Amino acid sequence: MKIGVLTGGGDCPGLNAAVRAVVYRAAQNGHGVVGFLDGWRGVRDDLARPLAPADVADAVLRGGTMLGSSRTNPFAKPGDAEKVDATLDRRGIDALVAIGGDDTLGAARELAKRGRKVVGVPKTMDNDVAATDWTFGFDSASSVSVDALERLRDTAASHHRAIVLEVMGRHAGWVALATGLGGGADFTLLPEEPYDEERLLTHVRAAVVRKGFALVVVSEGVDLGPRKGTAGAKDEFGHELLREREAGPEVARRIEAGTGIETRSAVIGHIQRGGAPTLFDRILATRMGAKAVDLLLEGRSGEVAVLRGGTIVGVPFDEALRENKKVGAEWLDLLHTFDA
Ligand code: F6P
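Within every chain, residues take consecutive numbers counted from 1 along the sequence as written. pLDDT decides what is reported in this predicted model: residues at 70 or higher carry local features, side-chain atom pairs at 80 or more are listed and counted, and totals for whole chains, interfaces and linings draw on all residues regardless. To obtain the side-chain values, all non-hydrogen atoms of the structure were included, while hydrogens and water were left out.

## Focus on the packing of aromatic side chains
To keep things clear, this is the line we draw: Side-chain rings of Phe, Tyr and Trp, where Trp is taken by its six-membered ring, are said to pair if the distance between their centres is within 6.5 Å; with planes under 30 degrees apart they count as stacked, over 60 as edge-to-face, and otherwise as tilted. The numbering of helices and of strands both runs from the N terminus, where a helix is a DSSP run of H or I of at least 4 residues and a strand a run of E of at least 2. Here, a charge over a ring is recorded when the distance from Lys NZ or Arg CZ to the ring centre is within 6 Å and its angle to the ring normal is within 35 degrees.
Under the defined criterion, the tally for this structure stands at three aromatic pairs. For the pair Trp-134 and Trp-174, a centre-to-centre distance of 6.5 Å together with 75° between the ring planes defines the contact as edge-to-face. Residue Trp-134 is found in the loop between β5 (118-122) and α6 (138-159), and its partner Trp-174 is found in helix α7 (residues 174-183); the two are separated by 40 residues along the sequence. Here Trp-174 and Trp-331 contribute two aromatic rings whose centre-to-centre distance is 6.2 Å and whose plane-to-plane angle is 85°, an arrangement assigned as edge-to-face. Taken together, the residues Trp-174 in helix α7 and Trp-331 in helix α12 (residues 329-336) connect sequence positions 157 residues apart. One aromatic cluster is present, formed by Trp-134, Phe-138, Trp-174 and Trp-331 through successive ring pairs. A cation over an aromatic ring shows up here: Arg-20 above the ring of Tyr-24, its NZ or CZ 5.3 Å from the ring centre. Positioned above the aromatic ring of Trp-174, the side-chain terminus of Lys-325 is 5.5 Å from the ring centre.

Here it is, written out as structure tokens:
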């Protein structure tokens with residue numbers, strides 16, 4: 001077989017480990033791999049390079065994606081689907097491994113429906129793919145924001161301030177949850193709960209009375225109600241660009257106005273998407289990449305390699321894409337155990 005591999009959507013640590021596993025597992029079984037560049041754009045516009053084990057030997061250590069990425073939807077414009085077909089035929093690609101989040105996997109499902117052999121590997125630092133227990137990228141990105149919160153703690157304590165850290169996560173609060181729990185925040189705001197200003201201010205005041213400072217984690221996706229100038233621009237898949245909302249700085253303004261406590265904010269943004277993957281993400285990505293090839297070797301297509309209770313299994317695209325995984329009641333209950 002000639003297997004094509006691509007990485008689409010926002011980059012995250014672990015993508016290179018997954019690509020490496022695809023290449024090695026394919027080579028182990030006598031198959032070749034071609035890497036498409038910049039996600040679906042590479043398939044549409046025929047941008048690719050051959051990948052041998054020697055090309056990816058150290059990739060398990062590296063952040064980002066050596067193949068490049070984009071948020072290109074290959075079925076967005078009339079004529080694009082034909083270009084995709086032409087590339088795959090010209091290059092003699094027998095099967096594709098698409099590594100990405102909902103959007104990338106949604107395009108992969110479309111291609112599978114058109115009769116191509118395609119399997120998926122879920123990735124996202126947001127951890128919001130419902131079919132899998134965890135996605136790689138999440139552990140690495142959350143570890144970075146926990147580190148940031150620890151640093152902010154020093155300044156908050158030294159200056160007796162409240163400090164707000166805004167973290168990524170789109171419309172799911174997993175990264176905020178992990179940062180708040182793992183970094184010992186006094187209060188954490190997630191999109192899964194309605195914004196309650198009184199509750200926020202009460203906990204910030206209590207933290208400052210008790211220990212002289214307060215740390216608040218805010219997920220970029222929290223809904224703070226209508227505000228001027230926040231009608232967001234959208235990407236190619238129709239997602240609002242949440243950075244335009246400035247949730248963290250706005251919460252900091254509200255804390256200072258409501259409590260009189262000097263408050264600062266920091267937005268971690270893309271800093272938390274870069275850097276080497278954690279061990280957990282290296283292993284998870286490696287297992288998923290290898291499983292994707294195994295699915296193809298078993299003659300399976302239209303499936304995504306996911307983690308279920310410790311085992312990597314294949315599930316149909318429809319199941320993998322059915323819903324976004326949100327932070328549930330049990331997690332929220334645990335989180336609020338530690339409210340100041
Ligand atoms: O989906 C991953 C993610 O990092 C989100 O957490 C964030 O909202 C978005 O991507 C940012 O996208 P971009 O890199 O296109 O600005």
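So that's the structure; there's more coming.
## Quick look at the site of the ligand
Quick reminder of the rule: A single heavy atom is enough: if one lies within 4 Å of a molecule or strand, its residue is considered near that molecule or strand. Pairs of N or O atoms are called polar contacts if they sit within 3.5 Å, as long as, within protein, a hydrogen donor faces a hydrogen acceptor (for residues adjacent in sequence, only side-chain-to-side-chain pairs). Here the open area of atoms and residues is found with the Shrake-Rupley method and a 1.4 Å probe, where only the protein chains shown may cover a residue. Polar here means any residue other than Ala, Val, Leu, Ile, Met, Phe, Trp, Tyr, Cys and Pro, which are nonpolar, and Asp, Glu, Lys and Arg, which are charged; Gly is therefore polar. An automatic or database domain assignment supplies the start and end points of every domain.
The immediate surroundings of the ligand are formed by Arg-71, Met-125, Asp-126, Met-168, Gly-169, Arg-170, Glu-220, Arg-243, His-270 and Arg-273. Between the ligand and Arg-71 there is a distance of 2.9 Å, counted from an oxygen atom to a side-chain nitrogen or oxygen. Glu-220 places a polar side-chain atom, nitrogen or oxygen, 2.6 Å from an oxygen atom of the ligand. Isolated, the ligand exposes 400 Å² of accessible area, and the fraction of that covered by the protein chains is 83%. Along the lines of polarity and charge, the residues of the shell around the ligand split into two nonpolar, two polar and six charged. A domain split of the shell around the ligand shows at least three residues from each of domain 1 (2-136 + 277-320) and domain 2 (140-274).

## Describing the layout of surface pockets
Put simply, the rule is: Detection works on a 1 Å grid of protein atoms alone, calling trapped sets that fit a 1.4 Å probe cavities and calling open sets with protein on both sides within 12 Å along at least five of seven lines pockets, with lining residues defined by an atom within 4 Å of a point. Grid points are joined across faces, edges and corners, and a volume is the space filled by probe spheres set on the points.
The volume enclosed by the largest pocket comes to roughly 700 Å³. In terms of lining residues, the largest pocket is bounded by 35 residues, among which Arg-71, Asp-126, Arg-170, Glu-220 and Arg-273 are the most central. Every element with two or more residues in the lining of the largest pocket is listed here: α5 (102-113) and β6 (162-167). With three residues, the top contributor of residues to the lining of the largest pocket is α5. For the lining of the largest pocket, the residue count by class is nine nonpolar, eleven polar and 15 charged. Formed jointly, the lining of the largest pocket draws a minimum of three residues from each of two domains, domain 1 (2-136 + 277-320) and domain 2 (140-274).

## Remarks on a nonpolar patch on the surface
As a reminder, the rule being used: Each patch is assembled from residues with relative accessible area greater than 30% and no salt bridge, linking like charges that lie within 9 Å and nonpolar side chains (Val, Leu, Ile, Met, Phe, Trp, Tyr) that lie within 5 Å. The salt bridge definition used is simple: a Lys or Arg side-chain nitrogen within 4 Å of an Asp or Glu carboxyl oxygen. Throughout this description, buried means an accessible area under 20% of the type-specific maximum (1.4 Å probe, protein chains only), exposed means over 50%, and partly exposed covers the range between.
Side chains of Trp-331, Leu-334 and Phe-338 sit close together on the surface and give an oily, nonpolar patch of about 290 Å² of accessible area. With a relative accessible area of 33%, Trp-331 lands in the partly exposed category.

## Remarks on the domain arrangement of the protein chain
As a reminder of what qualifies: Contacts between residues were defined by any pair of non-hydrogen atoms, one from each residue, lying within 4.5 Å. Summed over both partners, buried area is the accessible surface (1.4 Å probe) that two parts give up on being assembled.
Segmenting the protein chain into domains produces domain 1 (2-136 + 277-320) and domain 2 (140-274). The C-alpha centroid of domain 2 is placed 33 Å from the C-alpha centroid of domain 1. Between domain 1 and domain 2, the residue contacts involve 16 residues of the former and 16 residues of the latter. Here domain 1 and domain 2 share an interface that buries about 1,500 Å² over both sides, 53% of which is from carbon and sulfur atoms. Three residues, Arg-71, Asp-103 and Met-125, lead the burial of domain 1 against domain 2; their summed loss comes to 42% of the area buried on that side. Where domain 1 meets domain 2, there are one salt bridge. Residue composition of the side of domain 1 that touches domain 2, by class: five nonpolar, five polar and six charged.

## Focus: α12
Here is the rule we go by: The arc in question is traced by the directions running from the helix axis to the C-beta atoms.
All of the buried residues along α12 are Leu-332, Leu-335 and His-336. Burial along α12 is one-sided: seen end-on, the buried residues are contained in an arc of 90°. Of the exposed residues in α12, those oriented more than 90 degrees away from the buried face are Glu-330 and Asp-333. Residues of α12 that are buried in the fold lie against α7, β7 (187-189) and α8 (197-211).

## Overview of the pattern of salt bridges
Pairs can form between side chains of opposite charge once their charged atoms are near each other. Counted according to the given criterion, the structure contains 22 salt bridges. Across the salt bridge formed by Arg-90 and Asp-46, the nearest N and O atoms sit 2.6 Å from each other. One end of the pair, Arg-90, is in helix α4 (residues 80-90); the other, Asp-46, is in the loop between α2 (40-44) and β3 (48-51), with 44 residues separating them in the sequence. Where Arg-91 meets Asp-46, a salt bridge forms, and the shortest distance between an N and an O atom there is 2.5 Å. With Arg-91 in the loop between α4 and β4 (95-100) and Asp-46 in the loop between α2 and β3, this residue pair connects regions lying 45 residues apart in the sequence.

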